[in-house]
Amino acid sequence: MKGKRRKIGFRYAWDGLKEIASTESNFQLHLISTVIVIFFGIIIGLSNVEWAIIMLTIGLVLITEMINSSIEKVMDYVQPEIHPAVKHIKDVSAGAVLIAAIIAVVVGIMIFVPRIIELM
Ligand SMILES: Nc1ncnc2c1ncn2[C@@H]1O[C@H](COP(=O)(O)OP(=O)(O)OP(=O)(O)O)[C@@H](O)[C@H]1O
């Protein structure tokens with residue numbers, strides 16, 4: 001019974017991933033960036049520690065985007081009209097994604113640029 005419930009919970013989580021991947025253009029962009037980063041990571045031959053940092057950074061961006069998207073949906077549901085509180089909440093939520101994206105760019109530069117220079 002417990003196992004079955006866990007399986008169902010996983011299925012809903014998977015449905016959520018499929019939903020955001022098929023409907024949210026920002027998330028699709030993050031997924032494309034993820035594939036590109038992983039591809040170049042394999043080509044360059046990142047170390048285990050570098051892979052761990054890259055994976056954590058990718059996770060940070062994808063997770064903040066998912067939470068941001070969920071917050072937007074909640075706000076559109078509870079307050080479809082224009083409201084300053086909705087603007088505040090959505091802007092702060094989008095700001096979290098921006099911070100994650102900036103961190104990702106900085107981490108990407110710190111890890112990839114020295115490795116590319118090494119290979120030249
Ligand atoms: N109900 C609202 N009241 C006030 N401002 C809003 C409202 N809805 C959206 N906004 C403003 O518009 C911005 C964009 O909101 P929106 O919900 O369209 O998000 P988005 O980032 O364009 O996401 P998506 O592309 O998934 O629709 C918000 O950050 C906010 O500043």
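To be clear, the structure that these remarks concern was listed above.
Residues numbered from 1 in each chain as written. Predicted model: local features only at pLDDT ≥ 70, side-chain atom pairs only at ≥ 80, totals over all residues.

A short note on the overall build of the chain
The following threshold applies: Per the convention used, a helix needs a DSSP run of H or I reaching at least four residues, while a strand needs a run of E reaching at least two, with both numbered from the N terminus. To get the radius of gyration, use the C-alpha atoms; to get the globule rule, take the number of residues to the power 0.38 and multiply by 2.2 Å. Exposure criterion: with C-beta atoms placed from backbone coordinates, a residue whose C-beta has 20 or more other C-beta atoms within 10 Å is buried, one with 12 or fewer is exposed, and one in between is partly exposed.
For the chain, the helix and strand inventory stands at 4 helices and 0 strands. Scanning the chain from its N terminus toward the C terminus, one meets helices and strands in the order α-α-α-α. For 120 residues, the compact-globule estimate of 2.2 N^0.38 gives 14 Å, and the chain exceeds it by more than 25% at 18 Å. With respect to the principal axes defined by its C-alpha atoms, the chain has extents near 55 × 45 × 20 Å. A burial count over the chain gives 11% of its 120 residues as buried.

What about the site of the ligand?
For clarity, the threshold we go by: Contact assignment follows one rule, namely that a residue is near a molecule or strand if its backbone-placed C-beta atom lies within 6 Å of it. When residue character is reported, Ala, Val, Leu, Ile, Met, Phe, Trp, Tyr, Cys and Pro are called nonpolar, Asp, Glu, Lys and Arg charged, and the others, Gly included, polar.
All residues in the neighbourhood of the ligand are listed as Glu24, Glu72, Gln79, Ile82, His83, Val86, Lys87, Lys90, Asp91 and Ala94. Ranked by residue count, the leading element in the shell around the ligand is helix H4 (residues 84-119), at 5 residues. A class-by-class count of the residues in the shell around the ligand yields 3 nonpolar, 2 polar and 5 charged.

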